[in-house]
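Each chain is listed here by its residues.
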Amino acid sequence: MSPAMSPNMDSLEVGVLQQELLWLLYDLGHLEKYPMALGNLGDLEEVSATPGRPPSRDIYDEAVAVNQKIYQDYHVYPYTYSAGFHYRQRDFKGALKSWAEAANVIKRYKYSKDDEEIYKEFMEINNELIPHILKADENLLSDPECFMSLLQFYDGLCSWEEDSSTPVLHIGWVKPIVKCFTSFDFSVRAKLDISLADKEEEESATKKEDEAKKKSGKINVTIFSAKMGALKDLIQAEKLNSSALHLQLTAQSQTDVKKSRASLETEFAGRVKRARRD
């Protein structure tokens, strides 16, 4: 059930009915295995909170927890729901972190033409939302943890592209990526200790594998895609070469190393459409 009447308008009555039905299912324990339904409920509660019910933040967190426990973290949308919440609260650092976690899930799959909905979701994040928040809050540009999240987000996209028959990062994606990279000063980028995952690390990868760890005063981050691995020296250079970044990011993904990744099936179609920009 979707309350959408048009791309920009929802039916209030249908939304209220949907919210009541989801709480009924929640109370009966039927949402314990449905993280996307929990995300949908979180969105509705954010619009109109129900007295005596958990706040929307807790519902988004519960959706992520269910995804991790029941589905071994194989669903993307619990993280995009959470990121949307942080974005609307103007917690842009939290949004970046959740988008990086979403990309960490997508890297387990290989892109196919059946992934149109999630492709559009990531394209909006990459081309519109991330550039917007970097302009809206300049403090992000001096935070190495934000640069780490940005790097992990792009690494996930590149991993998604690897071994797929259709490229993801065409020029329309790459221009915003390069612009975002160049927005961070060398003094910030230099605070990351970037390492490349070996084959054993990649095969046993989990969501926690590339969490930041303080090491020698730097933030340690592991990247997994061949494309971002080839960018490592460029990213860590004092002066970024925009042309070289463009060239490398639009290059055909490496296919020598085969990975046992499935094509991603679109997870849930009936999501609540919300305006993401203030």
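In what follows, the structure referred to is the one given above.
Residues numbered from 1 in each chain as written. Predicted model: local features only at pLDDT ≥ 70, side-chain atom pairs only at ≥ 80, totals over all residues. Heavy atoms only, no water.

Asks: Looking at this structure, how should I read the overall build of the chain?
Replies: Looking only at helices and strands, one finds twelve helices and five strands in the chain. Here the chain holds 278 residues, and the buried ones make up 47% of them. Considering only contacts in the chain between residues 6 or more positions apart, those separated by 24 or more positions represent 74%. For the chain, the exposed surface amounts to about 13900 Å²; the carbon and sulfur share of it is 52%. (Helix = DSSP H or I, 4+ residues; strand = E, 2+ residues; numbered from the N terminus. Buried < 20%, exposed > 50% of the residue type's maximum accessible area, 1.4 Å probe, protein only. Contact = heavy atoms within 4.5 Å. Areas by Shrake-Rupley, 256 points an atom, 1.4 Å probe, with all protein chains shown as cover.)

Asks: So what exactly am I meant to see when it comes to helix α1 (residues 12-27) here?
Replies: Each full turn of the α-helix corresponds to 3.6 residues, which orients residues three or four apart in the same direction. Given a rise of 1.5 Å per residue, 16 residues ought to cover 22 Å, and the 23 Å separating the end C-alpha atoms of α1 matches this to within 8%. The set of residues buried in α1 consists of Gly15, Gln18, Gln19, Leu22 and Trp23. Across the axial projection of α1, the buried residues extend over an arc of 135 degrees, all falling on one side. For α1, the exposed residues set more than 90 degrees away from the buried face come down to Glu13 and Glu20. At its buried positions, α1 is contacted by α2 (35-47) and α3 (56-70). In the segment just after α1, Gly29 is the residue with positive phi, at about 85 degrees. (Expected span 1.5 Å × (residues − 1). Arc of directions from axis to C-beta.)

Asks: How should I be thinking about the pattern of salt bridges in this particular structure?
Replies: Where charged atoms from two side chains of opposite charge come close, those side chains can pair. For the coordinates displayed, the defined rule picks out eight salt bridges. Note that Asp43 and Arg88 form a salt bridge whose closest N and O atoms lie 3.2 Å from each other. One end of the pair, Asp43, is in helix α2; the other, Arg88, is in helix α4 (residues 77-88), with 45 residues separating them in the sequence. With a shortest N-O distance of 2.9 Å, Lys93 and Glu145 are connected by a salt bridge. Here Lys93 is found in helix α5 (residues 92-106), whereas its partner Glu145 is found in helix α7 (residues 144-161), with 52 residues between them in sequence. Taking relative accessible area as the criterion, Lys93 reaches 33% and is therefore assigned partly exposed. Given the relative accessible area of 30%, Glu145 is considered partly exposed. Through salt bridges with shared partners, one network takes in Asp43, Glu46 and Arg88. (Salt bridge = Lys/Arg side-chain N within 4 Å of Asp/Glu carboxyl O.)

Asks: I'm lost on a nonpolar patch on the surface in this one. Help?
Replies: Taken together, the side chains of Leu17, Leu21, Leu24 and Leu28 define a hydrophobic patch exposed on the protein surface, amounting to about 360 Å² of accessible area. Here Leu28 is to be found in the loop between α1 and α2. Classification of Leu28 by relative accessible area gives exposed; the value is 53%. (Patch = residues over 30% accessible without salt bridge, like charges linked within 9 Å, V, L, I, M, F, W, Y side chains within 5 Å.)

Asks: What am I meant to see in the environment of Met36 here?
Replies: Here Met36 is to be found in helix α2. Among the residues examined, Met36 registers a relative accessible area of 4% and is labelled buried. Along the sequence, Met36 and Tyr81 sit 45 residues apart, while their C-alpha atoms lie 8.5 Å from each other.

Asks: Is there a simple way to explain the packing of α7 against helix α8 (residues 171-183) in this structure?
Replies: For any two helices packed against each other, the geometry is given by the interaxial angle and the distance between the axes. In contact at an axis separation of 11 Å, α7 and α8 are set at 155 degrees when each is read in the N-to-C sense. If you check the angle between α7 and α8, you find them roughly antiparallel. Seen from above, α7 lies across α8 with left-handed handedness. Where α7 abuts α8, its residues Phe147, Leu150, Leu151, Tyr154 and Leu157 lie against Trp173, Pro176, Ile177, Cys180 and Phe181. (Axes fitted to C-alpha atoms, helices over the stretch in contact; angles between N-to-C directions. Parallel < 35°, antiparallel > 145°, perpendicular 65-115°, else oblique. Left-handed = near helix turned anticlockwise from the far one by under 90°.)

Asks: What is the right way to look at the environment of Lys69 in this model?
Replies: Within the secondary structure layout, Lys69 lies in helix α3. C-alpha separation for the pair Lys69 and Lys33, spaced 36 residues apart in sequence, amounts to 9.2 Å.

Asks: Help me understand the nonpolar core in this model?
Replies: Counting residues in hydrophobic clusters, the biggest one holds 60 residues, and the most contacted among them are Trp99, Phe122, Ile130, Trp160, Phe181 and Met228. Sort the elements by how many residues they give to this core and α7 lands first, with ten residues. Excluding anything up to four places from it in sequence, Met228 contacts Leu151, Tyr154, Asp155, Cys158, Phe181, Ile223, Ile235 and Leu249. Counting residues in hydrophobic clusters, the runner-up holds ten residues, among them Leu22, Leu41, Leu44 and Ile59. (Core = buried A, V, L, I, M, F, W, Y, C linked by side-chain atoms within 4.5 Å.)

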